[in-house]
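Chain by chain, the residues run as shown.
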Amino acid sequence: MKFSCSKDQLVHAVQVVQKAVSNKPQMPILSGIYINAQPNCIEIQATDYEIGISCKIEGLVTEPGAIVLSGRYFQEVVKRLPGDNIEIYTNKEDNTVKLISLSAQFNLLSLPADEFPVLYPLIGETNFTIRDNILRDLIKKTVFAASNDEARPVFTGALLEVVDSEVLMVATNTHRLALKKENLDNITNNIKVIIPSKILNELARIMVSEIPSPIKITCHHNQISFSFDNIYIISRIIEGQFPDYQRVIPPNFATTVAIKTADFSSAVERVSLISRDGDYNVVKLAFRNNEILITSNNPEVGKAEEAIAANIEGNELEIAFNAKYIVDILKNIDDEKIFFTLNTPLSPASIKPENDENYNYIITPVRSN
């Protein structure tokens, strides 16, 4: 194998697929990055069996072939090479791969390419296309609410549901739930799958195009794939029954509070500084007289309180929440105002942006003395 290519393109491709290189590989080959050079196209791949990522770049290929290099060292070397172009070719005599850029030269040991589990496009009957900016928004506004507890796999992912012309994503850790909907055209398949949040977060990081572009999503058995530009990602689907999220959302509320998003977020963050060392990071909210009194109390640290203006309609009440759960949602709301709707001190509440009926966040209160 022998080819030359742009350093910037190669660095970008390696950084994209590096996310799928296994840190604790089941087999040595999974710690490597697979490179397949064919006329006018160089494909870079990595997989840990949970996720697989492929990225294609242009290059001048004089001898087609495939190799596998250490993911860790290949990335570090390529990133630090001095020139704008890189020449890579195999030395069959000592089973190494030579990387040359200007006056720099590296010889890296290669792994057998025929042992690498090469990624192939997923073929399935369930397909649909969505713009990357819409998918990125769905991920950003929901996945943060998923659980990190691997003992309950269903809650470590987000539900992707497509029904008729509506696409929906929802994530929950049983204490909070984030739900975002969007309308799509030309949808012919209904889909209901749970995607690992790790894969969705990586996907959102990779989708950086400023111009909206289409992403093809394909589902087949226990796998899902995302294809866009020169990148292809395939992932397993989490098996299990996602909870009925509709049952978690209260049909109506006794109290509706309109608040400025930035004021509320800043105040909760400040007051929670006192309670942050506690088990639950609890802040208490008292809704009365068109203001919210936010308080926290930690016997080992001290007390804090702050009042902010609000427009309150309905019953006055006091309620306590995990402060992190409030701050997390407010970071993902772009609107100037939110609606905080509540019923009783022990029933779930809802936080919504003022101008987005398709976004809803349900948060469960904590008991307080």
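Procedures and definitions
- Residues numbered from 1 in each chain as written.
- Predicted model: local features only at pLDDT ≥ 70, side-chain atom pairs only at ≥ 80, totals over all residues.
- Heavy atoms only, no water.
- Helix = DSSP H or I, 4+ residues; strand = E, 2+ residues; numbered from the N terminus.
- Buried < 20%, exposed > 50% of the residue type's maximum accessible area, 1.4 Å probe, protein only.
- Contact = heavy atoms within 4.5 Å.
- Areas by Shrake-Rupley, 256 points an atom, 1.4 Å probe, with all protein chains shown as cover.
- Lys, Arg positive; Asp, Glu negative; His and termini not counted.
- Charge placed at Lys NZ, Arg CZ, Asp CG, Glu CD.
- Phe/Tyr/Trp six-rings, centres within 6.5 Å; stacked < 30°, edge-to-face > 60°.
- Salt bridge = Lys/Arg side-chain N within 4 Å of Asp/Glu carboxyl O.
- Pairing = 2+ DSSP bridges.
- Axes fitted to C-alpha atoms, helices over the stretch in contact; angles between N-to-C directions.
- Polar contact = N/O pair within 3.5 Å; in protein donor to acceptor, adjacent residues only side chain to side chain.
- Core = buried A, V, L, I, M, F, W, Y, C linked by side-chain atoms within 4.5 Å.

1. Focus: the overall build of the chain
Part 1: A count of helical and extended segments in the chain gives 7 helices and 26 strands.
Part 2: In terms of overall dimensions, the chain has a C-alpha envelope of 80 × 50 × 35 Å along the principal axes.
Part 3: Per-residue burial for the chain yields a buried fraction of 51% across its 369 residues.
Part 4: Restricting the contact set of the chain to residue pairs at least 6 apart, pairs at least 24 apart contribute 66%.
Part 5: In the structure as shown, the chain presents an accessible area of about 18600 Å², 46% of it carried by carbon and sulfur atoms.
Part 6: For the chain, the distance from the average site of its 35 positive side-chain charges to the average site of its 46 negative ones is 3 Å.

2. Comments concerning the packing of aromatic side chains
Part 1: Tallying each qualifying case throughout the model produces 5 aromatic pairs.
Part 2: The interplanar angle of 10° and the centroid separation of 5.0 Å between the aromatic rings of Y34 and F116 together place this pair among those described as stacked. Here F116 lies in the loop between β9 (104–111) and β10 (126–131) and Y34 lies in strand β2 (residues 32–38), a separation of 82 residues in the sequence.
Part 3: F116 sits in the buried class, given a relative accessible area of 5%.
Part 4: On the numbers, 5.7 Å between centres and 80° between planes, the contact of F287 with F340 is edge-to-face. Residue F287 is found in strand β19 (residues 282–288), and its partner F340 is found in strand β24 (residues 337–342); the two are separated by 53 residues along the sequence.

3. A word on the pattern of salt bridges
Part 1: In the structure shown here, the tally under the stated rule is 14 salt bridges.
Part 2: Across the salt bridge formed by R236 and E50, the nearest N and O atoms sit 2.0 Å from each other. With R236 in strand β17 (residues 231–236) and E50 in the loop between β3 (41–47) and β4 (51–57), the pair connects residues that are 186 residues apart, well separated along the chain.
Part 3: What makes E50 partly exposed here is its relative accessible area of 36%.
Part 4: Between D328 and R176 there is a salt bridge, and its shortest N-O distance comes to 2.8 Å. Placement of the pair is D328 in helix α7 (residues 323–331) and R176 in strand β13 (residues 176–183), with a sequence separation of 152 residues. For the residue pair D328 and R176, the accessibility class agrees, reading buried in each case.

4. Focus on the sheet that holds strand β11 (residues 157–163)
Part 1: The antiparallel open sheet is built from 9 strands, whose spatial order is β14-β11-β12-β13-β26-β25-β24-β18-β22. The sheet terminates laterally at β14 (191–196) and β22 (311–314), the two strands that pair on one side only. Averaged over neighbouring strand pairs, the angle between their axes works out to 15° when direction is ignored.
Part 2: By the bridge criterion, 5 bridges tie β11 to strand β12 (residues 166–172) in an arrangement that is antiparallel. Following the sheet pairing, V162 is matched in β12 by V167.
Part 3: Sheet contacts for helix α3 (residues 132–140): β12 and β13; angle to β13, the most-contacted strand, approximately 165°.

5. Observations concerning the environment of I42
Part 1: Its location among the elements puts I42 in strand β3.
Part 2: The sequence separation of I42 and C55 amounts to 13 residues, and the corresponding C-alpha distance is 8.4 Å.
Part 3: Setting aside its immediate chain neighbours within four residues, I42 contacts F3, S4, C5, I35, N36, A37, C55, K56, I57, E58, G59 and V61.

6. Describing the side chain of E161
Part 1: Note on placement: E161 falls in strand β11.
Part 2: Here E161 sits buried without a salt bridge, and the closest side chain of opposite charge, K192, lies 4.2 Å off (N-O distance).
Part 3: A distance of 2.7 Å separates polar atoms of two side chains, one belonging to E161 and the other to Y245.
Part 4: Ignoring sequence-local partners within four residues, the contact set of E161 consists of E166, V167, L168, I191, K192 and Y245.

7. Describing the sheet that holds strand β20 (residues 291–298)
Part 1: The strand order across the open sheet built from 4 strands is β21-β20-β19-β23, with neighbouring strands paired in antiparallel fashion. Two strands lie at the open edges of the sheet, namely β21 (302–309) and β23 (317–322), each paired on one side alone. When strand polarity is set aside, the average angle formed by the axes of neighbouring strands in this sheet is 20°.
Part 2: Sheet contacts for α7: β19 and β23; angle to β23, the most-contacted strand, approximately 85°.

8. Description of the nonpolar core
Part 1: Residues F74, F264 and F340 are the most contacted members of the largest nonpolar core, which totals 101 residues.
Part 2: When near neighbours in sequence (up to four residues on either side) are disregarded, F74 contacts L10, V14, I33, I35, L69, I88, L99 and L108.
Part 3: Counting 11 residues, the second-largest nonpolar core is a separate cluster that includes L159, I194, F242 and Y245.

Read these as geometric descriptors, not functional statements.
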